[in-house]
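Close look at the chain arrangement
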Amino acid sequence: AECVSGCVCPEGLFDDGRGGCVEEKDCPCSHNNQWYSPGQKVTVDCNTCTCQKGVWSCTEDLCYGTCMIYGSGHYITFDGKFYDFDGNCEYVATQDFCGDKNSSGSFSIITENVPCGTTGVTCSKAIKMFLGVSNDTQCIHISIQIVFKKNIGDDVQYWNRTVGLYLVIEASNGVMLIWDKKTTVFIKLTPDYKGKVCGLCGNFDDKSNNDFTTRSGLQETNALKFGNSWKQSSMCPDVTEEIKPCDVKPHRKSWAEKECSIIRSEVFKICHSKVDPMPFYEACVHDACSCDSGGDCECFCSAVAAYAQECTKAQACVFWRTPDIC
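Residues numbered from 1 in each chain as written. Predicted model: local features only at pLDDT ≥ 70, side-chain atom pairs only at ≥ 80, totals over all residues. Heavy atoms only, no water.

The protein has the name MUC2 protein in an unreviewed UniProt entry, where Himantopus himantopus is given as its organism.

So, in structure tokens, the structure goes:
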């Protein structure tokens, strides 16, 4: 119930939705099925909202866009489109060199995907980050390879630091990479790049229905055709079919479904209404089936962590790790 005036309260007072009558200035606000008193604040993405007379008043800062690449070929674009693409090659994750060949840009991020396990699925083995616009390249980092393009008079600075489990690389041109040192990478861009990027992470224009824009600028509906268009080398074979590792390794399916059921369980109940668990559950089962060369628990943990990350973004913080689970 909203904070409303009516026959339930004396004139001048409002029903607060909790069985009481209050003055308008004392009306609470609702967020994620929880009530907040006047003056209380919540954080939504990069903005702060304050409860005032039963209505949220929010700052209107433009927020970083985030693309997530995790596990065996799972992508969530800057605009929130979730899809799978298992390609064995180097692909453009995102760049601002879009349009014709002469278009200028300041960065390019390439993901190198290689087979992981024996089922044919692929994982991101290396991320290469090109900063600057000239051809004089220098390799600076190895696990995530930073290739710094020196350009006199137009230097792009960068810094790296460790935050908890993550390595964070931040560049002065508004590009940030966050890596869990395993199989999950977050790419963050400032709002200045809205509508100016292209690649497997989409175009960051707040519309997910046009994220499958190929290298040649065509709109595609098929994830495989879209993904193939962004490969760096024409020598790599095109991906022609979606790999289903649980069909290849059926003996792993029941274990995978049992472990991944945590995503659909009471543990994440607070998040289910905010972030659909099904794509993440299916991705988790897919990864748990495919990691058959060791590291299967790591694949499972990364898949659950990906859902937990999206829940946190939706203001549903879940403490799911235990001594027995990840």
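What to know about the overall build of the protein
A count of helical and extended segments in the protein gives six helices and 19 strands. Here the protein holds 326 residues, and the buried ones make up 47% of them. Intrachain contacts of the protein at a sequence separation of at least 6 include 47% that bridge at least 24 residues. Counting every atom, the protein has about 16700 Å² of accessible surface; 50% of that belongs to carbon and sulfur. (Helix = DSSP H or I, 4+ residues; strand = E, 2+ residues; numbered from the N terminus. Buried < 20%, exposed > 50% of the residue type's maximum accessible area, 1.4 Å probe, protein only. Contact = heavy atoms within 4.5 Å. Areas by Shrake-Rupley, 256 points an atom, 1.4 Å probe, with all protein chains shown as cover.)

Comments concerning the sheet that holds strand S5 (residues 41–44)
One open sheet holds the three strands; their spatial order is S5-S6-S7, and the pairing between them is antiparallel. Of all the strands in the sheet, the pair left with one neighbour each is S5 and strand S7 (55–58). When the angles between neighbouring strand axes are averaged without regard to direction, this sheet yields 35°. Two strands pair when backbone bridges link them, and strand S6 (residues 47–52) and S7 are joined in this way by four bridges, in the antiparallel orientation. Within S7, the position partnered with Cys51 by the bridge is Trp56. (Pairing = 2+ DSSP bridges. Axes fitted to C-alpha atoms, helices over the stretch in contact; angles between N-to-C directions.)

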